[in-house]
Amino acid sequence: MAAEIVSLIDKYREFLPVDLNTKIVSLGEGDTPLVKATSLPAALGFPKLNLYFKLEGLNPTGSFKDRGMTLAITKAVEDKATGVICASTGNTSASAAAFSAKAGLACFVLLPYGYVALGKVAQAIHYGAKLIQVKGNFDRALELVKEISADCGVTIVNSLNPFRLEGQKTAAFEVVEELGNAPDYLCIPVGNAGNISAYRRGFKLFHELGRTPSAPKMHGFEAAGSAPMVHGKIVENPETLATAIRIGNPVSWKEADLAAKESGGKIDCVTDEEILDAYKWLGAKEGVFCEPSSAASLAGLIKHLKEGIIPGDAEVVCVLTGNGLKDPETPQKINAVNLDPVEADLSALKKVMGF
Ligand code: F0G
C-alpha cells in the first residue's frame, strides 16, 4: 500500500492559520533537499566552512513560491474567491497558475514584458492562466494588480497576501529539522523581500518555542542594480540579469530590514558578475542547476567570507530559490560552447573529444 501523502500544511498545521475543516490544495510542495557542499568550501579557500544548499527548485513548480501558494490558494477557496491575480517576475505566476488550476480557480498574471525567463512564461501558459505582459517593470505591474483587485474583487496572491509568508516560513522549520539545530547563518536572495522575512518568522518561532538555542543571522542579498534596501531608497528603474529579483520597491522592506537587524545579520548586494560566477560554480563544482537569481545567496556568502563578515568555519545554509531549468537560455549565453554538429563517424568524434 502506498504511504500516506502528508501535505506541507498538514505537517505544520499547528503553526498555520487552518482548521480541521480546511480543504487543502496541494501539489506535493515542501520537504526539499538540504545538500551539503563538498567541493566549494575548499575551492573558495575556506575548507572548514560547513555549507548547505536548500534546493527549493525541487518544489512542484520549481521554486519556493509553492510553500506560500498552497496556503494562499487553500484560503482563497475557503473564502469563496472568484479568482486570483498576481504581478510576478515569473515564479509567483507559475506557482499561482498551477495551484489555481488544481483548485479550479481563474488566475490572472501580469508579467513585466521582456524580463521573464522562458520557462516561467511557459508554465503560466501551460497551467492555463490568463497571462498579460505589461509594458512596465514588476513594481508598476504590482501597483496595477492592487488597483484591479480593489476594482474587480479578485484575490491578490502576491506576498501582500498574508498567507503567502506564513506558508513560506515552513522552509525554516525544515532546515532546523534536517540539521538538528539552527545554522549560524542563512544566506538568501532578496527581491520583494518576502522570503527572508518568512524564514526569519520560522526560525524565530522555533527559537521562541525552545526548539533551537539560537536563530541564524539572516544575510540577504539584492542585485547591485536593483538594491533599494541597501541604498535606503526606491530604485525607479532596477536593472539586473537576475530578473527574478529585479525589484525596486520591495513589499516586505520593513519586515526584512528587521529580520536582518534583529538576527544580527545584514542586507547587502552582489553584482551581476558575482552572481554569474556563483551560478557557474554551483553547476560545475556541486552539480546544482539553480536559476541565476538564486545564486545571489552563494555570491553574497562568498563576498561576506572574503570581507570577514562571515567566519570561515561557520555553518551556513544558502537558499537556492528556483530551478535552473526555468531559464534554459543563460548557460548558453554565458559559456563559450561550440554547438555545431559533428559528422556521424568515429574519427570525427574522436578528434572533437581530444582522443
Ligand atoms: N529567487 C527567486 C528565484 C525568485 O523568483 C524570487 C522572487 C526571489 C528569489 C526573491 O524572493 O521576493 O521573497 O525576496 N520572485 C518573485 C516572483 C518576485 O514574482 O516570482 P522575495
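This structure is a prediction, so every number in the text was calculated from the model and none was measured.

Regarding the overall build of the chain
Alright, step 1. Broken down by element type, the chain carries 15 helices and ten strands.
Alright, step 2. For 355 residues, the compact-globule formula gives about 20 Å, and the C-alpha radius of gyration of the chain, at 20 Å, lands near that figure.
Alright, step 3. Each principal axis of the C-alpha distribution contributes one length, and for the chain these read about 65 × 55 × 50 Å.
Alright, step 4. Restricting to contacts in the chain with at least 6 residues of sequence separation, those with at least 24 account for 72%.
Alright, step 5. Summing over all exposed atoms, the chain offers an accessible surface of approximately 15800 Å²; the carbon and sulfur share of this is 53%.
Alright, step 6. Looking at charge distribution, the chain has the averaged site of its 36 positive side-chain charges lying 1 Å from that of its 41 negative ones.

Notes on helix α6 (residues 138-152)
Alright, step 1. With 15 residues, α6 should cover 21 Å at 1.5 Å per step; its first-to-last C-alpha distance of 20 Å lies within 8% of that length.
Alright, step 2. Summarising the contacts, the buried residues of α6 are in contact with β3 (83-87), β4 (106-112) and β6 (155-156).
Alright, step 3. The N-terminus of α6 is capped by Asn137, whose side-chain oxygen sits 3.2 Å from the backbone nitrogen of Asp139.

A word on the nonpolar core
Alright, step 1. If you look at the biggest cluster of nonpolar residues, it comprises 34 residues, and the most contacted ones within it are Leu51, Phe53, Leu282, Leu298, Leu301, Ile310 and Val316.
Alright, step 2. Of all the elements in the fold, those that place two or more residues in this core are β2 (50-55), β7 (185-189), β8 (217-223), α12 (272-286), α13 (296-306) and β10 (315-320).
Alright, step 3. At six residues, the largest contribution of residues to this core is made by α13.
Alright, step 4. Core analysis: the second largest hydrophobic core is formed by 31 residues, Leu34, Ala172, Val176 and Ala193 among them.

Overview of the confidence of the model for the chain
Alright, step 1. The predicted model of the chain averages 97 in pLDDT, with 99% of residues at 70 or higher.
Alright, step 2. The element-level mean pLDDT for the chain is lowest in helix α14 (residues 330-334), coming to 94, with β7 highest at 99.

Some thoughts on the packing of α12 against α13
Alright, step 1. Two elements in contact, α12 and α13, have axes separated by 8 Å at closest approach and are oriented at 105°. Put simply, α12 runs roughly perpendicular to α13. Along the contact surface, α12 presents Glu274, Ile275, Ala278, Trp281 and Leu282, while α13 presents Ala296, Leu298, Ala299 and Ile302.
Alright, step 2. Broken down by class, the residue content of the contact of α12 with α13 amounts to eight nonpolar, no polar and one charged.

Notes on the packing of aromatic side chains
Alright, step 1. For the structure on display, the rule yields six aromatic pairs.
Alright, step 2. For the pair Tyr12 and Phe173, a centre-to-centre distance of 5.1 Å together with 55° between the ring planes defines the contact as tilted. Taken together, the residues span a long stretch of sequence, with Tyr12 in the loop between α1 (8-11) and β1 (34-36) and Phe173 in helix α8 (residues 170-179) at a distance of 161 residues. Exposure class is identical for Tyr12 and Phe173. Each is buried.
Alright, step 3. For the ring pair Tyr279 and Phe289, a centre distance of 6.5 Å and an interplane angle of 50° mean the geometry is tilted. With Tyr279 in helix α12 and Phe289 in the loop between α12 and α13, this residue pair connects regions lying ten residues apart in the sequence.
Alright, step 4. Here a set of aromatic residues connected by ring pairs shows up, and it is made of Tyr12, Phe15, Phe173 and Phe206.
Alright, step 5. Cation over ring: Lys217 sits above Tyr185, and NZ or CZ is 5.6 Å from the ring centre.

Section: the sheet that holds β1
Alright, step 1. Reading across from one edge, β1-β2-β10-β7-β8-β9 is the order of the six strands in this open sheet, with mixed pairing throughout. Looking at strand neighbours, the two that pair on one side only are β1 and β9 (266-270), the edges of this open sheet. This sheet shows a mean twist of 25° between the axes of neighbouring strands, independent of strand direction.
Alright, step 2. Bridge analysis of β7 against β8 gives five bridges, and the strand direction is parallel. Paired with Tyr185 across the strands is Lys217, a residue of β8.

Calculation rules
Residues numbered from 1 in each chain as written. Predicted model: local features only at pLDDT ≥ 70, side-chain atom pairs only at ≥ 80, totals over all residues. Heavy atoms only, no water. Helix = DSSP H or I, 4+ residues; strand = E, 2+ residues; numbered from the N terminus. Rg over C-alpha atoms; globule rule 2.2 N^0.38 Å. Contact = heavy atoms within 4.5 Å. Areas by Shrake-Rupley, 256 points an atom, 1.4 Å probe, with all protein chains shown as cover. Lys, Arg positive; Asp, Glu negative; His and termini not counted. Charge placed at Lys NZ, Arg CZ, Asp CG, Glu CD. Expected span 1.5 Å × (residues − 1). Polar contact = N/O pair within 3.5 Å; in protein donor to acceptor, adjacent residues only side chain to side chain. Core = buried A, V, L, I, M, F, W, Y, C linked by side-chain atoms within 4.5 Å. Buried < 20%, exposed > 50% of the residue type's maximum accessible area, 1.4 Å probe, protein only. pLDDT = per-residue confidence, 0-100. Axes fitted to C-alpha atoms, helices over the stretch in contact; angles between N-to-C directions. Parallel < 35°, antiparallel > 145°, perpendicular 65-115°, else oblique. Nonpolar A, V, L, I, M, F, W, Y, C, P; charged D, E, K, R; others polar. Phe/Tyr/Trp six-rings, centres within 6.5 Å; stacked < 30°, edge-to-face > 60°. Lys NZ or Arg CZ within 6 Å of the ring centre and 35° of its normal. Pairing = 2+ DSSP bridges.

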